[in-house]
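The residues making up each chain are set out below.
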Amino acid sequence: QVQLVESGGGLVQPGGSLTLSCAASGSIFRVNTMGWYRQAPGKQRELVATITRGANTNYADSVKGRFTISRDNVKNTVYLQMNNLKPEDTAVYYCNAFVQSFPTPDQRIYWGQGTQVTVSS
């Protein structure tokens, strides 16, 4: 089994910054693509950013230029640096990861429990 544990959420004023972290642990051979998603009240979960093992990144248009995704392959950890935060960024942020538990091509997707980010004055 694999666990993803997120940290770093909280309350921040508009224009402020936060960094989220998500560490994968458990039965891991290799962690492939990792990502961040968010879900605001009354809305569907949406993509924020993804990063491949080789550090190729993809961002939602709404966060381009403000958020940066990165990862540490040794620590099996993904980060989300969020700058110039806006009230519309308020949501529960979830990380996910595609994980191979064995040296075979099979991989499963795992999700973290979510961390609340609130942007308000």
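Use the structure listed above.
Residues numbered from 1 in each chain as written. Predicted model: local features only at pLDDT ≥ 70, side-chain atom pairs only at ≥ 80, totals over all residues. Heavy atoms only, no water.

Visitor: Residues and numbers for the pairing of strand β3 (residues 18-26), please.
Guide: If a strand is regular, its side chains alternate between the two faces of the sheet. Bridge analysis of strand β1 (residues 2-7) against β3 gives six bridges, and the strand direction is antiparallel. Considered in β3, the bridge of V5 is made with A23. (Pairing = 2+ DSSP bridges. Helix = DSSP H or I, 4+ residues; strand = E, 2+ residues; numbered from the N terminus.)

Visitor: Kindly report on the state of the cysteines, identifying the contributing residues and their values.
Guide: Evaluation of the coordinates by the stated rule reveals one disulfide. Disulfide pairing is shown between C22 and C95; the S-S distance is 1.9 Å. Judged by the sign of its S-S torsion, about 50°, the bond between C22 and C95 is right-handed. Of this pair, C22 sits in strand β3 while C95 is found in strand β9 (residues 91-100), placing the two residues 73 residues apart along the sequence. For C22, a relative accessible area of 0% translates into the label buried. (Disulfide = S-S within 2.5 Å. Buried < 20%, exposed > 50% of the residue type's maximum accessible area, 1.4 Å probe, protein only.)

Visitor: Describe in detail the sheet that holds strand β7 (residues 67-72), supporting the description with residues and values.
Guide: A sheet is described by the order of its strands in space; here four strands give the open sequence β1-β3-β8-β7, paired in antiparallel fashion. The open sheet has two free edges, formed respectively by β1 and β7, since each of these has just one partner strand. The sheet shows a mean angle of 15° between the axes of neighbouring strands, direction not considered. (Axes fitted to C-alpha atoms, helices over the stretch in contact; angles between N-to-C directions.)

Visitor: Can you explain the environment of D106? Please cite residues and give values.
Guide: Looking at the element boundaries, D106 is found in the loop between β9 and β10 (108-111). Separated by 15 residues in sequence, D106 and A91 have C-alpha atoms that sit 32 Å apart. Discounting residues that sit within four places of it in the chain, D106 has contacts with V99 and Q100. (Contact = heavy atoms within 4.5 Å.)

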